Amino acid sequence: MTEPHVLFVALATHGHFNPGLNLANILSHGGVHVTFATSASVLRRVPKLPSSPRLSFAFFSDGHDDGFTPGNDVVPFLSQFEHQASKAIHDIILKSKANGKPFSFALYSLLTPWMADVARSFDLPTALFWNQSATVFAIYYHFFNGYKDLIQNSFSHPSTNIHLPGLPSFISKQLPSLCNPTNSNSFVLKLFESHFQILKQEPHLKILINTFDELEHNILRANNMENLIPIGPVLPTGEKNLSAFNPLKVEYSEYHSWLNSKAKSSVVYVSFGSIAAVSKAQLEEIARGLLDYGGEFLWVMRKMADGNERDMLSCQEELEGKGKIVGWCPQLEVLSNPAIGCFLTHCGWNSSMESLVCGVPVVAFPQWTDQATNAKIIEDVSKTGVKLKVNENGIVERGEIKRCLEMVMEEGHERESFRRNAKKWKELANKATTKGGLSHLNITAFIHELCQS
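The paragraphs below set out a description of the structure included in this document. Keep in mind the model is a prediction, meaning the values are calculated, not measured.

A short note on the overall build of the chain
Counting secondary structure elements, the chain contains 17 helices and 15 strands. The C-alpha radius of gyration computed for the chain amounts to 21 Å, which stays within 12% of the reference 22 Å derived for 453 residues, consistent with globular compactness. Its C-alpha atoms give the chain principal-axis dimensions of roughly 60 × 50 × 45 Å. Taking all contacts inside the chain whose residues are at least 6 apart in sequence as the whole, residues at least 24 apart take part in 68%. When the accessible surface of the chain is split by element, carbon and sulfur atoms take 49% of a total near 19000 Å².

Printed below as a string of structure tokens:
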């Protein structure tokens, strides 16, 4: 039997690259040769790539060789990626065939729907890796299949419940921000629409989804969505913390020993992902909220398009006296540290999954796209955290931040409830991906199909 050779294409941004690489590694350990294709900008922040006999890489220029920086406009980034990547992938497929290693299958992640056309031109069967929740998939499915007006009109009536088939009720601020008719990222919404147009053309397209059955059982069973195959949480395998490459070795050694010196569940971990920009006014409120709360924290402050986040603050010295500020950290490893008691997060789906896997309660601070829906899952389904409330100007004030941190971190019924639920979901998430768990069975079956085809 010929060993299957899968071409896996993913965006180079953290939220797509990390889970994509983790899945590629899982497949390679299962006997599938995977060529992982993404932007060359990854090499700037990933000095060491994983080594596996069945995992290789193909890098190409997407016109943004310095990578994406928070505060940049996402539209030209995605537009140029599509233009450059589609040509590069075409060449990669031809080169691999000329070298006697033709691809037998193509796997692609979110926001690369053009890959379906490229694969079709070479008669390659495909599957989509949906690296968001099943709930978000279902909302978009309805949005592009008859419910667009209902969903968009709900944003004019923010307190009114909206009911979609097979889903719990939502209010507009719990829906993906791209559904808002006033959102400025219509190009990104168009990419999502393309995914669902492909699904109409290929109704049996397999969609591997980074979730697990226990968390979204009802969503996965609703609306005859047999295409959705839960394989998550998709996390590193083989090497410890495979996706947690460390470009800042000195900084890492500093906060690693600092964390290990702290009491169990005493530190707040603060991180807002790699895409959304947080305003200077909001950063100041977060900083003051942490200082007013008074506990210790580890805060990942990023380099922005217009400067560094830490340089935007008036209280930097006070912050550094109370907690630890870093430019990067291996998130999964940090969340696994016993000292972490709470995760103040933007609720990207990877971060949401990692908080569940590590059993860490959450203070949810969603920014855009799917994050508000993820926050609802955290608050209403897993019940492992609380969502911050914004004021009339769209700012979360320092008093609200202090209140929610105290709710999750200080002794009392609420803290114990969050920790009890976090422990339960940690066990369920880990059970899903171990031998006999449904996610493990699903990915094993997928690998078997690749090997038989």
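Moving on from the coordinates now.
Some remarks on the pairing of strand S2 (residues 33–39)
Among the seven residues that make up S2, seven are buried, leaving the element largely enclosed by the rest of the structure. Inspection of the sheet shows strand S1 (residues 5–9) paired to S2 by five bridges, in the parallel sense. By the bridge assignment for S2, Leu 7 is matched with Thr 35. The β-α-β motif built from S1, the intervening helix H1 (residues 14–29) and the parallel element S2 has right-handed crossover chirality. The pairing of S2 with strand S3 (residues 55–60) spans six bridges and is parallel. When the sheet's bridge partners are listed, Val 34 is paired in S3 with Leu 55.

Topic: the sheet that holds strand S12 (residues 324–326)
Pairing within the open sheet is parallel, and its six strands lie in the order S12-S9-S8-S13-S14-S15. The sheet terminates laterally at S12 and strand S15 (385–387), the two strands that pair on one side only. Geometrically, the sheet is characterised by an average inter-axis angle of 15 degrees between neighbouring strands, direction not taken into account. Pairing of strand S14 (residues 362–364) with S15, which is carried by three bridges, proceeds in the parallel orientation. In the strand pairing of S15, Val 363 is matched with Val 386.

What about helix H17 (residues 438–452)?
For H17, which comprises 15 residues, the first-to-last C-alpha distance of 21 Å matches the rise-based estimate of 21 Å (1.5 Å per residue) to within 8%. Turning to H17, its buried residues are Ser 439, Asn 442, Ile 443, Phe 446, Ile 447, Leu 450 and Cys 451.

A word on the nonpolar core
Of all hydrophobic cores here, the largest spans 61 residues; its most connected members are Leu 7, Ile 89, Met 115, Trp 130, Tyr 140 and Phe 192. Broken down by element, the residue count for this core peaks at nine residues, all from helix H3 (residues 74–98). If sequence neighbours within four positions are ignored, Trp 130 has contacts with Leu 110, Val 136, Phe 137, Tyr 140, Phe 192, Phe 196, Ile 207, Leu 208, Ile 209 and Asn 210. Membership of the second largest hydrophobic core comes to 34 residues, among which are Phe 212, Tyr 269, Ile 340 and Ala 375.

What to know about the pattern of salt bridges
Summed over all chains, the structure comprises 14 salt bridges. The salt bridge involving Arg 54 is made with Glu 3; its shortest N-O contact spans 2.9 Å. Note that Arg 54 is positioned in the loop between helix H2 (42–45) and S3 and Glu 3 in the segment before S1, a separation of 51 residues in sequence. Accessibility expressed as a relative area gives 32% for Arg 54, which makes it partly exposed. Judged by its relative accessible area of 39%, Glu 3 falls in the partly exposed class. Across the pair Arg 288 and Glu 318 runs a salt bridge whose closest N-O atoms are separated by 3.5 Å. In this pair, Arg 288 sits in helix H10 (residues 280–293) while Glu 318 sits in helix H11 (residues 316–322), placing the two residues 30 residues apart along the sequence. Since its relative accessible area comes to 44%, Glu 318 is described here as partly exposed. Through salt bridges with shared partners, a single ionic network connects Asp 117, Arg 120 and Glu 202.

Quick notes on the packing of aromatic side chains
Within the structure shown, the criterion is met by 21 aromatic pairs. Ring geometry for Phe 60 versus Phe 81: centroids 5.9 Å apart, planes at 50 degrees, classification tilted. You can see Phe 60 sitting in strand S3 and its partner Phe 81 sitting in helix H3, a full 21 residues away along the chain. Note on Trp 130 and Tyr 140: the rings are 6.5 Å apart at their centroids and 70 degrees apart in plane angle, and the pair reads as edge-to-face. Highlighted residues: Trp 130 in strand S5 (residues 126–130) and Tyr 140 in helix H5 (residues 134–143), separated in sequence by 10 residues. Owing to a relative accessible area of 0%, Trp 130 belongs among the buried residues under this scheme. A relative accessible area of 0% means that Tyr 140 is categorised as buried. A network of ring pairs unites the aromatic residues Trp 130, Phe 137, Tyr 140, Tyr 141, Phe 143, Phe 144, Phe 192 and Phe 196 as a single cluster. The ring of Phe 170 carries the charged tip of Lys 376 above its face, separated from the ring centre by 5.3 Å.

With respect to the environment of Ala 24
Examined against the element boundaries, Ala 24 turns out to sit in helix H1. Between the C-alpha atom of Ala 24 and that of Ala 372, which follows or precedes it by 348 residues, the distance is 28 Å.

What about the packing of helix H13 (residues 349–358) against helix H16 (residues 413–433)?
Running from N to C, H13 and H16 point in directions that differ by 100 degrees, and their axes come no closer than 6 Å. In terms of axis orientation, H13 runs roughly perpendicular to H16. Seen from H13, the contacting residues are Leu 356, Val 357 and Cys 358; seen from H16, they are Ala 422, Trp 425, Lys 426, Ala 429 and Asn 430. Of the residues that constitute the contact of H13 with H16, the class distribution is six nonpolar, one polar and one charged.

Rules used throughout
- Residues numbered from 1 in each chain as written.
- Predicted model: local features only at pLDDT ≥ 70, side-chain atom pairs only at ≥ 80, totals over all residues.
- Heavy atoms only, no water.
- Helix = DSSP H or I, 4+ residues; strand = E, 2+ residues; numbered from the N terminus.
- Rg over C-alpha atoms; globule rule 2.2 N^0.38 Å.
- Contact = heavy atoms within 4.5 Å.
- Areas by Shrake-Rupley, 256 points an atom, 1.4 Å probe, with all protein chains shown as cover.
- Buried < 20%, exposed > 50% of the residue type's maximum accessible area, 1.4 Å probe, protein only.
- Pairing = 2+ DSSP bridges.
- Right-handed = clockwise from strand over helix to strand, strands pointing away.
- Axes fitted to C-alpha atoms, helices over the stretch in contact; angles between N-to-C directions.
- Expected span 1.5 Å × (residues − 1).
- Core = buried A, V, L, I, M, F, W, Y, C linked by side-chain atoms within 4.5 Å.
- Salt bridge = Lys/Arg side-chain N within 4 Å of Asp/Glu carboxyl O.
- Phe/Tyr/Trp six-rings, centres within 6.5 Å; stacked < 30°, edge-to-face > 60°.
- Lys NZ or Arg CZ within 6 Å of the ring centre and 35° of its normal.
- Parallel < 35°, antiparallel > 145°, perpendicular 65-115°, else oblique.
- Nonpolar A, V, L, I, M, F, W, Y, C, P; charged D, E, K, R; others polar.

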